[in-house]
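What the coordinates show
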Amino acid sequence: MSEKLLKWIRPEIRELSAYHVPDASGLVKLDAMENPYRLPEGLLPQWQQGLASVALNRYPDPAAAELQDKLIEVMHVPQGQSIVLGNGSDELIQMLALAVASDERCIMSFEPGFVMYAMIARFAGMQYVGVPLAEDFTLDMEITRAAIEQHQPAVIFIAYPNNPTGNLFDSTDIEEIIRIAPGLVVVDEAYHPFALSSFMPMLNDYDQLLVMRTVSKMGLAGLRLGLLCGEQELINEINKVRLPYNINVLTQYTARFVLENAGFLDGQAEMIRADRDHLLKQLSLLDGIEVFPSQANFILFRVTMTNATEVFTSLCNDGVLIKNLDKPGPLQNCLRVTVGTQGENQAFMQALERALRE
Ligand code: PMP
């Protein structure tokens with residue numbers, strides 16, 4: 001491709017690497033925080049029957065009104081608050097960035113943190129400020145206060161629990177951030193089913209607070225559906241940058257169907273929480289591993305006596321795919337494993353013990 005054409009691509013885009021999704025075929029897939037369980041067999045006939053009546057020839061309901069009502073009910077969105085839906089919460093981050101973007105404004109979040117906040121800030125032509133967490137991955141409030149004062153962020157994203165570290169930040173610290181922020185504060189509760197702690201009830205207390213959720217981690221990652229909740233006037237503005245039919249008919253139908261039969265999701269989340277705690281305990285008993293507390297459906301750990309990238313490769317060769325986060329900085333020698341089925345967790349533990357012996 002000639003430079004004559006490529007020069008039209010913005011330099012900050014050319015500098016980026018595309019979000020990399022590794023090929024997991026044939027591997028035990030514990031790299032992407034998915035729920036390992038599928039829809040219960042008993043629900044399949046009813047789901048398939050309804051699916052047959054979905055009008056594929058028509059555009060979807062642009063507001064996905066019925067789905068919105070169901071989400072408001074099951075996610076306990078406080079009365080008087082509004083929501084906007086995204087094709088995954090990734091798209092909501094993008095809508096927010098588009099709604100506030102200008103080249104002298106910044107998006108702020110915490111490092112190590114979820115990589116899409118920084119990437120989307122760049123896509124939107126904004127600055128990004130990553131505030132370092134303390135060594136134990138808690139919020140360093142002194143640095144945070146100074147960074148907010150200095151950079152006056154348009155939006156601050158706080159993942160609660162945080163990805164990739166798995167911990168819940170102190171809620172009093174988050175409230176202070178909400179109070180001192182000059183702009184919007186998004187509490188990203190992607191991992192809410194595994195943490196059971198939420199800022200949703202506080203939406204009525206703070207106009208500048210938005211709470212973001214997704215159905216991805218609760219077992220519906222394939223649907224691509226997220227929601228952003230907050231004060232009506234603010235949500236109305238963000239809704240203006242949403243593409244009209246962003247939630248397709250199959251997603252609208254299936255999400256409603258699943259949420260109407262949502263009882264099994266709580267059971268799955270409960271099982272994942274118990275398996276996470278078991279896995280945490282097993283990992284903490286291994287020599288050569290430092291494990292970090294988790295309130296999510298994944299666990300961050302550091303390899304202390306050998307090299308994490310070698311451990312990662314050895315696990316892959318043994319048929320287990322996790323996430324390699326090893327690079328110079330706070331995540332040096334760190335790996336992240338998603339909680340799978342009990343069988344998958346066992347396969348991971350066995351492969352890890354073998355890798356550590358090598
Ligand atoms: N927020 C956080 C903190 C995440 O870790 C992720 C996914 N890894 C997302 C948002 C995006 O989720 P989705 O687009 O699937 O809704």
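All figures in this text were calculated on a predicted structure; none of them were measured in a lab. (Residues numbered from 1 in each chain as written. Predicted model: local features only at pLDDT ≥ 70, side-chain atom pairs only at ≥ 80, totals over all residues. Heavy atoms only, no water.)

Helix α15 (residues 342–357) packs onto helix α13 (residues 263–284) with a crossing angle of 15° between their chain directions and a minimal axis gap of 11 Å. With respect to their mutual orientation, α13 and α15 come out roughly parallel. At the point where α13 passes α15, the crossing takes the right-handed sense. Between α13 and α15, the contacting residues are D275, L279, Q282 and L283 on the first element and Q342, N345, F348, M349 and L352 on the second. (Axes fitted to C-alpha atoms, helices over the stretch in contact; angles between N-to-C directions. Helix = DSSP H or I, 4+ residues; strand = E, 2+ residues; numbered from the N terminus. Parallel < 35°, antiparallel > 145°, perpendicular 65-115°, else oblique. Left-handed = near helix turned anticlockwise from the far one by under 90°. Contact = heavy atoms within 4.5 Å.)

Moving on to helix α4 (residues 65–74). Buried within α4 we find L67, Q68, K70 and L71. Across the axial projection of α4, the buried residues extend over an arc of 165°, all falling on one side. Opposite the packed face of α4, turned more than 90 degrees from it, sit the exposed residues E66 and D69. The elements touched by buried residues of α4 are β2 (82–86), β8 (226–230) and α12 (249–260). (Buried < 20%, exposed > 50% of the residue type's maximum accessible area, 1.4 Å probe, protein only. Arc of directions from axis to C-beta.)

Across a regular strand the side chains alternate sides, sitting on one face of the sheet and then on the other. Of all five residues in strand β6 (residues 184–188), five are buried, a share of seventy percent or more. Burial along β6 is two-sided: L184, V186 and D188 facing one way and V185 and V187 facing the other are all buried.

This part is about the pattern of salt bridges. Considering all chains together, one arrives at 14 salt bridges under this definition. With a closest N to O distance of 3.1 Å, R10 and E12 form a salt bridge. With a relative accessible area of 35%, R10 lands in the partly exposed category. In this structure E12 comes out as partly exposed when scored by relative accessible area, which is 26%. It is possible to trace a salt-bridge network through shared partners that takes in K29, D31 and E34. (Salt bridge = Lys/Arg side-chain N within 4 Å of Asp/Glu carboxyl O.)

Turning our attention to the sheet that holds strand β10 (residues 298–303). With antiparallel pairing, four strands are arranged side by side in an open sheet as β9-β10-β13-β12. Only two strands of the sheet have a single partner each, and these edge strands are β9 (289–291) and β12 (323–324). Where β9 and β10 come together, three bridges link them in antiparallel fashion. For I289, the partnering residue across the bridge sits in β10 and is V303. Contacts from α13 reach β9 and β10 within the one sheet, and its direction differs from that of β10 by about 10°. In this fold helix α14 (residues 308–317) packs onto β10, β12 and β13 (334–338), with an angle of close to 35° to the strand it touches most, β13. (Pairing = 2+ DSSP bridges.)

This next bit is on the pairing of β10. In terms of burial, β10 is a largely internal element, six of the six residues being buried. Here β10 shows a buried face lined by F298, L300 and R302 and a second buried face lined by I299, F301 and V303. Connecting β9 to the antiparallel partner β10 that follows it, the hairpin turn spans six residues.

With that settled, consider a nonpolar patch on the surface. Where nonpolar side chains cluster on the molecular surface, the patch consists of Y19, V21 and V115 and spans about 310 Å² of accessible area. Position of V21 among the secondary structure elements: in the loop between α2 (11–14) and β1 (28–29). (Patch = residues over 30% accessible without salt bridge, like charges linked within 9 Å, V, L, I, M, F, W, Y side chains within 5 Å. Areas by Shrake-Rupley, 256 points an atom, 1.4 Å probe, with all protein chains shown as cover.)

We now examine the environment of V74. Along the polypeptide, V74 turns up in helix α4. Under the relative-accessibility criterion, V74 is labelled partly exposed at 29%. For the pair V74 and A24, spaced 50 residues apart in sequence, the C-alpha to C-alpha distance is 32 Å.

A cis geometry characterises the amide bond from E111 onward to P112, with omega recorded as 0°. Inspection of the secondary structure assignment puts P112 in the loop between β3 (106–111) and α6 (115–123). Residues N163 and P164 are joined by a peptide bond in cis, for which omega reads 15°. Checked against the element boundaries, P164 lands in the loop between β5 (155–159) and α8 (171–180). Located in the positive-phi region is Q152, a residue other than glycine, with phi close to 45°. By the element assignment, Q152 lies in the loop between α7 (141–151) and β5. On the basis of relative accessible area, Q152 is assigned to the partly exposed category, the value being 45%. At R224, a position not held by glycine, the phi torsion is positive, near 60°. For R224, the location among the structural elements is in the loop between α10 (216–220) and β8. Classification of R224 as partly exposed rests on a relative accessible area of 30%.

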